Amino acid sequence: MNLFEISGLKKNFGDRTVLNINELTLQTSKIYAVLGPNGSGKTTLLRVLNLLLAPDSGWIKFMGGDIGISQADRLSVSRQMCMVFQRPFMFRSTVFNNVAYGLKLRRVAKPECERRVNEALDFVDMVDFAKHSATRLSGGETQRVALARALVLQPRVLLLDEPTANLDPGSVQHIEEIIRKYHQEYNTSVIIVTHNLFQAKRIADESILLINGEVVERAYTAEFFDHPRELRTRQFLDGTMVY
Amino acid sequence: MEAAVSSLFAQKMEILEIVKMSLQVSGSATLLSALIGIPLGAWIGLSEFKGKRLLLRLVYTLMALPPVLAGLLVYLLLSRSGPLGFMELLFTPTAMIIAQCLLVTPIITGLVSAGIAAKEGLIFEHAISLGASKTQATWTIIKEARTGIIAGIMTGFGRAFAEVGAVMLVGGNIRHMTRVLTTSIVMETRQGNFEMGIALGIILLLLSFMVSSIVLSNAEEFSLK
Ligand SMILES: Nc1ncnc2c1ncn2[C@@H]1O[C@H](COP(=O)(O)OP(=O)(O)O)[C@@H](O)[C@H]1O
Ligand SMILES: [Mg+2]
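Starting afresh in each chain, residues are numbered from 1 along the sequence in its written order. Following the order in which they are written, the chains are lettered starting with A and the ligands numbered starting with 1. Reporting of local features is limited, given that this is a predicted model, to residues whose pLDDT is at least 70; pairs of side-chain atoms are given and counted only at 80 or more, and all residues count toward the totals for whole chains, interfaces and linings. Computation of side-chain values covers all heavy atoms of the structure but excludes hydrogens and water.

A few words on the packing of helix 4 (residues 93-129) of chain B against helix 5 (residues 134-144) of chain B. All names here are of chain B. Axis definition: a line fit to C-alpha positions, over the contact stretch in the case of helices; interaxial angles, taken between N-to-C directions, run 0 to 180 degrees. Starting at the N terminus, helices and strands are each numbered in turn, a helix being any DSSP run of H or I of at least four residues and a strand any DSSP run of E of at least two. Running from N to C, helix 4 and helix 5 point in directions that differ by 140°, and their axes come no closer than 9 Å. By the angle between their axes, helix 4 is oblique relative to helix 5. As for the relative orientation of helix 4 and helix 5, their crossing is right-handed in sense. Counting all contacts with helix 4, which are made through Ile116, Glu120, Ile123, Phe124, Ala127 and Ile128, the residues of helix 5 involved are Lys134, Ala137, Thr140, Ile141, Ile142 and Glu144. In the scheme used here, Gly and all other residues not listed as nonpolar or charged are polar, with Ala, Val, Leu, Ile, Met, Phe, Trp, Tyr, Cys and Pro taken as nonpolar and Asp, Glu, Lys and Arg as charged. Of the residues in the contact of helix 4 with helix 5, the class split is eight nonpolar, one polar and three charged. For classification, angles of less than 35 degrees are called roughly parallel, those exceeding 145 degrees roughly antiparallel, those between 65 and 115 degrees roughly perpendicular, and all remaining angles oblique. Each crossing gets its hand from how the near helix is turned against the far one by less than a right angle, where anticlockwise is left-handed and clockwise is right-handed. Note on definitions: a residue-residue contact is assigned when non-hydrogen atoms from the two residues lie within 4.5 Å.

Here is the structure:
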């Protein structure tokens, strides 16, 4: 089954084309890493996939169906995915309530909601923080709560935007473990934007390089790093790329 | 002796009456203003339209509307020859409430819209991404802006409770009718009863302090709900 099929996708800001993807097909149950220099359109891609931004042209299919047609469709489609933002915003309430937020939107009954929130908090090792204020957490803790807030919804796909940027190595490892473990247990698809090449190597099945909004190369991660086909990929990996 | 005691008692009752009138007038004005200002501020903060900047500038200007001017406007509106003169509201508590509404509504509107606009895009995207409908996301933004909303209500009430220009003009400081704390202070001072004026001033400050403490402690609790 294809998770996403993208064709002729373009997104402009003003007169600049920020995203320009001819063809890209992603399968379910895989972890994809999206790499690329700053400003190459990685976040924009995730926002388009999450239906937060409408593309200017082209189409996207999600699980075989066109997305973004009617308002009702949009909601039912967007409820099957979840994005964790680069700088997660914590609602001004407890950690517990932050994680319960999406379940409450879906009118999940209270006992089930409580059970699932506690499960999710346990999954990210934040059970002890349930009653803490979510706006006073460290960077690593905030990211873990943001992850729990997404995981608890059991989405088909997790869209993660640089979830470990600016974290210490211990927290990075912790978060990678959570992602890997969740992926294994629930078979959820993951698209992770990252600056950290080692991270891509460690967790991704496939890696995708985005430069100036275009997909330059997409390959199995081992191949991507060991035998890149494109000159620009080699330059990007060597750090000799001229932007 | 008996006469002295009963006069003291009567004076206390009168102060109580004045305090009650102050709270009633300013409380009603704040409530009414909140009913108008919260939705209006939320709407301005959440939507994009032509003339939004101009409207905001107007609201910010009205936030500093001099109370006497508000009083004058309402006076002209309600005076016998004015367009609403037939309602015979001048020199009644209702007139005072209307005048204070004019002062408080822009304050609440302005602070609510600023509070909402501050993080609106960020919260909206998070809410939508977690599965909110547009209505649910809007509601989340309003809930997140509660500090701004509470600040707006408190600032508005404080302004109404402490102003004298508007209530003096349209209320007239009539004993047992429209006399409130601030207008009594003016009157006592004019008559040379400085001690009474100071005492009333202290009551006014204490009440302001109590009201904001109650509101704030409830807000703290609410924020952890
Ligand atoms: N809302 C926006 N309005 C205008 N330009 C934007 C907006 N969002 C992103 N951009 C621009 O689009 C380009 C790609 O941004 P982004 O997708 O955030 O890149 P990345 O995540 O790869 O660093 C950048 O040049 C950025 O300045
Ligand atoms: Mg980015």
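With that out of the way, let us pick up the interface of chain B and chain A. Each partner contributes residues to the interface: chain B has 21 residues there, and chain A has 27 residues. Once two parts are joined, some of their accessible surface, as seen by a 1.4 Å probe, is lost; buried area is that loss totalled over both. Summing both partners gives a buried area of about 2,000 Å² for chain B against chain A, and 53% of it is carried by carbon and sulfur. For this document, the term salt bridge refers to a Lys or Arg side-chain nitrogen within 4 Å of an Asp or Glu carboxyl oxygen. At the boundary of chain B and chain A, one finds one salt bridge. Residue arginine 47 of chain A pairs with glutamate 125 of chain B through a salt bridge whose shortest N-O separation is 2.6 Å.

A pair of sulfur atoms, both from cysteines and within 2.5 Å, is called a disulfide here. This model, assessed by the stated rule, comprises zero disulfides over all chains. Cysteine 82 of chain A takes part in no disulfide bond, and the closest cysteine sulfur, belonging to cysteine 113 of chain A, lies 14 Å away.

It is worth spelling out the confidence of the model for chain B at this point. Here chain B shows a mean pLDDT of 92. Residues at 70 or above account for 97%. For this predicted complex, the interface score ipTM comes out at 0.93, while the overall pTM is 0.84. Note: pLDDT gives the predictor's confidence per residue, expressed from 0 to 100.

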